[in-house]
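A structural walkthrough
In case you want the letters, here they are:
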Amino acid sequence: MSNDDIQPTEKAQDFIRDAVREDLKNGRFNHIRTRFPPEPNGYLHIGHAKALIIDFGIAEESGGECNLRFDDTNPTKEDVEYVDAIKEDIEWLGFHWANEFYASDYFEQIYQMAVKLIQKGKAYVDEQTAEQVSKNRGTLTEPGVESPWRNRPAAENLALFERMKNGEFPDGSLTLRAKIDMASGNINLRDPVMYRILQTPPHHRTGSQWKIYPMYDFAHGQSDSLEGVTHSLCSLEYEAHRPLYEWFLRELEIFAPRQIEFARLNMNYTVTSKRKLLKLVKENHVRGWDDPRMPTLCGLRRRGFTRAAVRDFVARVGVAKNDSVIDVALLEHCLRDDLNKRAPRRMAVLRPLKLVIDNYPDDLTEEMSAVNNPEDPAAGTRPLPFCKELYIEQEDFQETPQPKYFRLFPGNEVRLRYAYFVKCTHAVKDAAGNVIEVHATYDPNTRGGDAPDGRKVKSTIHWVSARHAIPAKVRLYDRLFRDPDPEAGEGFLQNLNPASLEILPACQLEASLAEARPGEKFQFERIGYFCADADGTPGKPIFNRAVSLKDTWAKVAGKG
RNA sequence: UGGGGCAUGGUGCAAUGGCAGCACACCGGCCUUUGGAGCCGUGGAUCUUGGUUCGAAUCCAGGUGCCCCAGCCA
């Protein structure tokens, strides 16, 4: 996959890059190495795109490298399914990791580090139950109570820890804890658990080899250290863990990376917590992780997002420490911005209404020339067949026009894009009074769309030839939640937008769209940007609406 | 009420002691063979109180508000 589509952005400037530059300048580090550390227990989403771009971007900019390291220290939640999906998403964004690592690669070394701390008298095996540990941790305002096992002799701790490793104790019966400070104002320092016993679940890589697993705090920093990571960039919630991160490194006397925290990316009308995303999938509120309404990278991709748009979006969001909620309109803007420049234009009628040109020869077919992309002359033109019977959009005709409506209505003349001026004569209705057919006459002198006498029309509408168009299904996607804050009121499941998906089963498309390959994107003129879905088959495509064209008419109509 | 962090237009990000700027959104105009795009323009912000300084969004002190931490999750 080439990266030609990714526009080189101006060199970003933010407090992390400042710190990195400073570390290089003052010699704290002489090269840069970062890591992207997902836990393989869910799919990557738009929030991860920010982390990805920071981790990989900063490494690239400074001539360094970025490792992909799966933080797989909890076998009860993790699975290879996620490993593969995560790698695919990173590649889609156009990033290349220097090494593919797993925290589980270091289990033996991390175990030896624990032994070292025990020997130093800095760790002990605790026999308290989980409830006791919790109770004795104290509260935000009261110090904790030291465990009765806290001063167990090192030799005894060593023996017990080895027996834990050998699987001699049931889950939850013992833990290995760091001996730090039960009275610390930072609760993370109140003798945090380093290892817990997990007998049963097979680990996705190490199988049943291990009966004990290190906690995040006792695995992440050392993994960074072992890899020679210079900058361990993570989100704000790890700020209170930094003293612990540094404590372990110091006590272990190993290379110390620098951890820097930044605010994660939140968007309105969107949820990004793994728990909520999983719930949406499991309870079938959406059709899987890659449902085009999901903020997952695979969902955005299926929706029709380009990686250029995603990367541009993240770049515009910036990096800071403020908790923030980005307007989803910015994401949409970035997609339009990218696709406007690159997506070929096509004719598509979503809600067809037959238009009959009464004075046009019954059997004649003419080929009109249509511009593929007005923003890109190199995209060329294509022929568009035109004949007596066409389909136009239902909303492009009004029998009695509302104010400021300039499209088709009896007596009004409009331009059929790239074809002729046509003047509406009358409409035909069914027994129920619905308009089922519109009739018009055309002016043969306006072929191509210009009137030699210089007269103007106030609007241009799109069309397809009824004889040549292909039927197709189109899915119209909208925001998944109707409230900017999905958690407002009763919670996110109660704020689902019932109109987030509308399926239009009987659209009529320009014939060239028949062979669209899944993932191909087009602008349907006057409507929006659409992406061919993998559910379609050759000759029977299905399109997803990625984003509508900005439609100021909707506002005019709303005001009227 | 312990510890840590953050406060700049509606939203997000800049300004690193020297004219508060950019983007999105919004509003208005021009242009248009997409009511798209493009072009031009309007309005709107430094949480608060005091201090230092010729000069403070920036430095100092107090106050207020919001976020994170009491998993054998990450």
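My aim in this report is to walk through the structure given alongside it, one point at a time. Computed from a predicted structure; not experimentally measured.

Conventions and cut-offs
Residues numbered from 1 in each chain as written. Chains lettered and ligands numbered in written order. Predicted model: local features only at pLDDT ≥ 70, side-chain atom pairs only at ≥ 80, totals over all residues. Heavy atoms only, no water. Phe/Tyr/Trp six-rings, centres within 6.5 Å; stacked < 30°, edge-to-face > 60°. Helix = DSSP H or I, 4+ residues; strand = E, 2+ residues; numbered from the N terminus. Buried < 20%, exposed > 50% of the residue type's maximum accessible area, 1.4 Å probe, protein only. Contact = heavy atoms within 4.5 Å. 1 Å grid on protein atoms, 1.4 Å probe; cavity = no way out; pocket = protein on both sides within 12 Å on 5 of 7 lines; lining within 4 Å. Points joined across faces, edges and corners; volume = space filled by probe spheres on them. Nonpolar A, V, L, I, M, F, W, Y, C, P; charged D, E, K, R; others polar. Axes fitted to C-alpha atoms, helices over the stretch in contact; angles between N-to-C directions. Left-handed = near helix turned anticlockwise from the far one by under 90°. Near = heavy atom within 4 Å. Polar contact = N/O pair within 3.5 Å; in protein donor to acceptor, adjacent residues only side chain to side chain. Core = buried A, V, L, I, M, F, W, Y, C linked by side-chain atoms within 4.5 Å. Pairing = 2+ DSSP bridges. Lys, Arg positive; Asp, Glu negative; His and termini not counted. Salt bridge = Lys/Arg side-chain N within 4 Å of Asp/Glu carboxyl O.

1. Topic: the packing of aromatic side chains
Both the distance between ring centres and the angle between the ring planes are used here to describe each pair of aromatic rings. Within this structure, the stated rule accounts for 26 aromatic pairs. Between Phe56 and Phe95, the aromatic rings sit 5.0 Å apart at their centres with planes inclined by 20°, giving stacked as the arrangement. Residue Phe56 is found in helix H2 (residues 46-61), and its partner Phe95 is found in the loop between helix H3 (80-92) and strand S3 (100-102); the two are separated by 39 residues along the sequence. Assessed through its relative accessible area of 2%, Phe56 is described here as buried.

2. Remarks on the side chain of Gln222
Inspection of the secondary structure assignment puts Gln222 in helix H7 (residues 220-227). Looking at Gln222, the relative accessible area reads 0%, which means it is buried. Apart from residues no more than four positions distant in its own chain, Gln222 is found in contact with Ile110, Met113, Asp217, Leu249, Leu252 and Ile254.

3. So, empty space enclosed by the protein
Taken as a whole and assessed by the stated rule, the structure comprises 2 cavities of 30 Å³ or more. What the largest cavity holds in volume is close to 240 Å³. As for the largest cavity, its lining consists of 19 residues, and the residues nearest its centre are Thr270, Arg293, Arg303, Val328 and Arg479. Elements represented by at least two residues in the lining of the largest cavity include exactly helix H10 (297-303) and helix H12 (328-342). Ranked by residue count, the leading element in the lining of the largest cavity is H12, at 3 residues. In terms of residue class, the lining of the largest cavity is built from 13 nonpolar, 1 polar and 5 charged.

4. Thoughts on the environment of Pro243
Considering the arrangement of structural elements, one finds Pro243 in helix H8 (residues 242-252). C-alpha separation for the pair Pro243 and Ala114, spaced 129 residues apart in sequence, amounts to 18 Å.

5. Quick notes on helix H11 (residues 307-317)
Taken together, the buried positions of H11 are Arg307, Ala308, Ala309, Val310, Arg311, Phe313 and Val314. Structurally, H11 contributes buried residues whose contacts are with H2, H3, strand S10 (266-267), strand S11 (325-326) and H12. A positive phi of about 85° marks Gly318, the residue just after H11.

6. Describing the packing of helix H1 (residues 15-25) against H2
At a minimum axis distance of 11 Å, the contact between H1 and H2 shows a crossing angle of 40°. Here H1 runs over H2; the crossing is right-handed. Contacts from Ile16, Arg17 and Val20 in H1 reach Ile54, Gly57, Ile58 and Glu61 in H2.

7. Looking at the protein's contact with RNA strand B
Taken together, the neighbourhood of RNA strand B is formed by 67 residues, with Asn322, Arg345, Gly448, Gln523 and Arg526 sitting nearest. For RNA strand B, the backbone makes up 67% of the atoms found within 4 Å of the protein, where backbone means sugar plus phosphate. Between a base nitrogen of RNA strand B and a main-chain N or O atom of Leu140, the distance comes to 2.8 Å. Asn340 is positioned with one of its side-chain polar atoms (N or O) 2.8 Å from a sugar or linking oxygen of RNA strand B. Elements supplying a minimum of two residues to the surface near RNA strand B: helix H5 (130-136), strand S6 (193-197), H11, S11, H12 and helix H13 (552-559). Across the surface near RNA strand B, the residue classes break down as 19 nonpolar, 23 polar and 25 charged.

8. Description of the nonpolar core
Side chains of a nonpolar character, in soluble globular proteins, are inclined to be buried together. By size, the foremost hydrophobic cluster in this structure holds 64 residues, and its most contacted members are Ile16, Phe36, Leu52, Ile90, Leu280 and Phe313. Among all residues touching Ile16, those that are not within four sequence positions of it are Ile54, Ile58, Leu233, Ile260, Phe262 and Val319. Core analysis: the next-biggest nonpolar cluster, separate from the first, contains 32 residues, Phe107, Leu117, Phe161 and Met194 among them.

9. Topic: the sheet that holds strand S7 (residues 212-214)
Judged by pairing direction, the sheet is antiparallel, and its 4 strands sit side by side in the order S4-S5-S6-S7 without closing on themselves. In this open sheet, the two edge strands, each paired with only one partner strand, are strand S4 (123-126) and S7. Across the sheet, the mean angle separating the axes of adjacent strands is 20° when strand polarity is ignored. As paired elements, strand S5 (residues 175-178) and S6 share 3 bridges and run antiparallel to each other.

10. A word on unusual backbone geometry
With a phi angle near 60°, Glu253 is a residue other than glycine that sits in the positive phi range. Relative to the assigned elements, Glu253 resides in the loop between H8 and strand S9 (258-262). Relative accessible area serves as the criterion here: at 59%, Glu253 is assigned to the exposed category. The phi dihedral of Asn284 is positive, around 60°, even though this residue is not glycine. Locating Asn284 in the fold gives a position in the loop between helix H9 (274-282) and H10.

11. With respect to the side chain of Arg345
By secondary structure assignment, the location of Arg345 is in strand S12 (residues 345-346). The side chain of Arg345 sits in the buried core without any salt bridge; Glu375 is the nearest counter-charge, 5.0 Å away. A polar side-chain atom of Arg345 sits 2.5 Å from the main-chain carbonyl oxygen of Asn340. The residues touching Arg345, leaving out its near neighbours within four places in the chain, are Leu339, Asn340, Val371, Asn372, Asn373, Pro374, Glu375, Arg382, Gln523, Glu525 and Tyr529.

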